[in-house]
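# Tertiary structure, described
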Amino acid sequence: MAAVGFCGEWFILSYDTKFAAVHTKQDRETFVFDCSAAEKKPKTDSNSDAGASEETGSDKVLAFTVSPSGKLVALTDDTKRLVLFHCGDSWQRISIRWVVRRCTSLVFSQAEDEVLVADKSGDVYSFSVVEPQREGELRMGHLSMVLAVTMSLNDEYVITADRDEKIRVSHLRSPYNIQSFCLGHQQFVSALLVPSGYPHWLLSGSGDGTVKLWEYKSGKRLQSWDLQQLEDTLSSEADKDKKPTVCRISSSPDGHHIAVLCERVSAVQFFTLQLQGEEKLTPHSRLSLPLCPLDMTFDPDGQLWVLMDSSDAPLQIYTHRQDSWQVQSQVNDFIYPTTGKFTHYKQRKVKIENKEGVFFYIFNNDY
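Let me begin by describing the structure that accompanies this report.

## Concerning the overall build of the protein
Of the regular secondary structure elements, the protein holds two helices and 32 strands. A burial count over the protein gives 54% of its 367 residues as buried. Residue pairs at least 24 apart in sequence account for 43% of intrachain contacts in the protein once pairs closer than 6 positions are excluded. Surface exposure of the protein reaches about 16400 Å², of which carbon and sulfur atoms provide 46%.

## Looking at the nonpolar core
Counting residues in hydrophobic clusters, the biggest one holds 20 residues, and the most contacted among them are Phe 19, Phe 33, Phe 85 and Trp 91. Once you skip the residues sitting within four places of it in the chain, Phe 19 turns out to touch Ile 12, Leu 13, Ser 14, Phe 31, Val 32, Phe 33, Phe 64, Val 73, Leu 75 and Trp 91. If you look at the next biggest cluster of nonpolar residues, it comprises 19 residues, including Leu 193, Val 211, Cys 262 and Leu 273.

## Thoughts on the environment of Phe 85
Counting through the fold element by element, Phe 85 comes out in strand S7 (residues 81-87). The contacts of Phe 85, once residues within four sequence positions are left out, are Phe 31, Phe 33, Lys 71, Leu 72, Val 73, Leu 75, Trp 91, Gln 92, Arg 93 and Ile 94.

## Observations regarding the packing of aromatic side chains
Under the counting rule described, the total for this entry stands at 15 aromatic pairs. Aromatic pair Phe 33 and Phe 85: ring centres 5.2 Å apart, planes at 75°, arrangement edge-to-face. Note that Phe 33 is positioned in strand S4 (residues 31-34) and Phe 85 in strand S7, a separation of 52 residues in sequence. Neither residue differs from the other here; Phe 33 and Phe 85 are each classed as buried. The rings of Trp 10, Phe 19, Phe 31, Phe 33, Phe 64, Phe 85 and Trp 91 are connected pair by pair, giving a single aromatic cluster.

## A short note on the pattern of salt bridges
Taken as a whole and assessed by the stated rule, the structure comprises 15 salt bridges. With a shortest N-O distance of 3.4 Å, Lys 25 and Asp 301 are connected by a salt bridge. Taken together, the residues Lys 25 in the loop between strand S3 (18-23) and S4 and Asp 301 in the loop between strand S25 (293-298) and strand S26 (304-308) connect sequence positions 276 residues apart. By relative accessible area, Lys 25 is classed as partly exposed at 33%. Connected via shared salt-bridge partners are Lys 40, Asp 59, Asp 77 and Arg 81.

## Brief notes about the sheet that holds strand S1 (residues 3-7)
Taken together, the four strands give an open sheet; going across it, the order is S1-S2-S3-S4, and neighbouring strands pair in antiparallel fashion. Of all the strands in the sheet, the pair left with one neighbour each is S1 and S4. Each strand axis lies, on average, 15° off the axis of its neighbour in the sheet, ignoring direction. Strand direction decides the pairing type here: strand S2 (residues 10-15) and S3, joined by six bridges, are antiparallel. Its bridge partner being in S3, Ile 12 is matched across the sheet by Ala 21.

## What about unusual backbone geometry?
Positive phi, normally seen in glycine, also occurs at Asp 59, with a value near 70°. With respect to the helices and strands, Asp 59 occurs in the loop between helix H1 (49-54) and strand S5 (61-66). Owing to a relative accessible area of 9%, Asp 59 belongs among the buried residues under this scheme. A positive phi angle is found at Glu 165, which is not glycine, with a value near 75°. Structurally, Glu 165 is set in the loop between strand S14 (157-162) and strand S15 (167-171). Looking at Glu 165, the relative accessible area reads 34%, which means it is partly exposed.

Cut-offs applied
Residues numbered from 1 in each chain as written. Predicted model: local features only at pLDDT ≥ 70, side-chain atom pairs only at ≥ 80, totals over all residues. Heavy atoms only, no water. Helix = DSSP H or I, 4+ residues; strand = E, 2+ residues; numbered from the N terminus. Buried < 20%, exposed > 50% of the residue type's maximum accessible area, 1.4 Å probe, protein only. Contact = heavy atoms within 4.5 Å. Areas by Shrake-Rupley, 256 points an atom, 1.4 Å probe, with all protein chains shown as cover. Core = buried A, V, L, I, M, F, W, Y, C linked by side-chain atoms within 4.5 Å. Phe/Tyr/Trp six-rings, centres within 6.5 Å; stacked < 30°, edge-to-face > 60°. Salt bridge = Lys/Arg side-chain N within 4 Å of Asp/Glu carboxyl O. Pairing = 2+ DSSP bridges. Axes fitted to C-alpha atoms, helices over the stretch in contact; angles between N-to-C directions.

This is the structure:
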């Protein structure tokens, strides 16, 4: 699955086995990392279960995360690699380590001294950033698959969400000490976010089609919004009974604008977040899209970048003007559709291929 993000002024994209970074402001060399060509895990005793399972995998990127300073990126793939990068004027691969099981989510600590990695068995491991060759340490376990993990802005708590509708808030340094549970979702919890500027609040999204706001330290639910009631987000009468699954919650750099993305819904629901008033989380508007988006992210300037499964306009940039979200008029200067294989071009561009044989260039232009 494709995913996008920002690491400082670098726009980053993962698709299939590839991870690419393009600088949006300056003419710098594009960075491309191909997991299928990366270091393989050394073979172990063939009689052990670990040896048999670790040597298989599709090399597809499963997830990546960016550190709070924007100087580090960690990604994990289907072959159970954990790759750590340093991002500056150029990119440097720091290390490749190996996780025990395929991962679902990962997050850096605010101090950027460790990265927490959650896997399909419900375990969360800590990998050191200071000692980039050191093996991971098991920090906590769950009875079901962990779908999302995040941390408080002061590194005091680690917050996990699982397939059994629960959100757990644990002390980072002593994870066996559970601070609270945030209970109220009716289906699996698929997205978590501690928004910028609001260190005591947590946003969560679920397969039940709701977005909830919590005071996570006490486990108190502050608000809940049913996305299906806000707008008719479903395309047919047959879909009326199906709740939209929240797959991504993202906040602008100042934390004021919240964008919510749902699977197979061709729209983005915006909220505003504020400390004053009874309603902290307020629906703002709904942005209709020509196709169902694959992912979205805010850039450092507060613009929303939306990646769509399209050969004509795979990437669209939206700016908040006059209290509405409007498409950036010069977005086509940044992307251009074409055909060919995934290619790394010197300095100027990177070409992306999808499963249907559609390709597009991402150009290193100042948009």
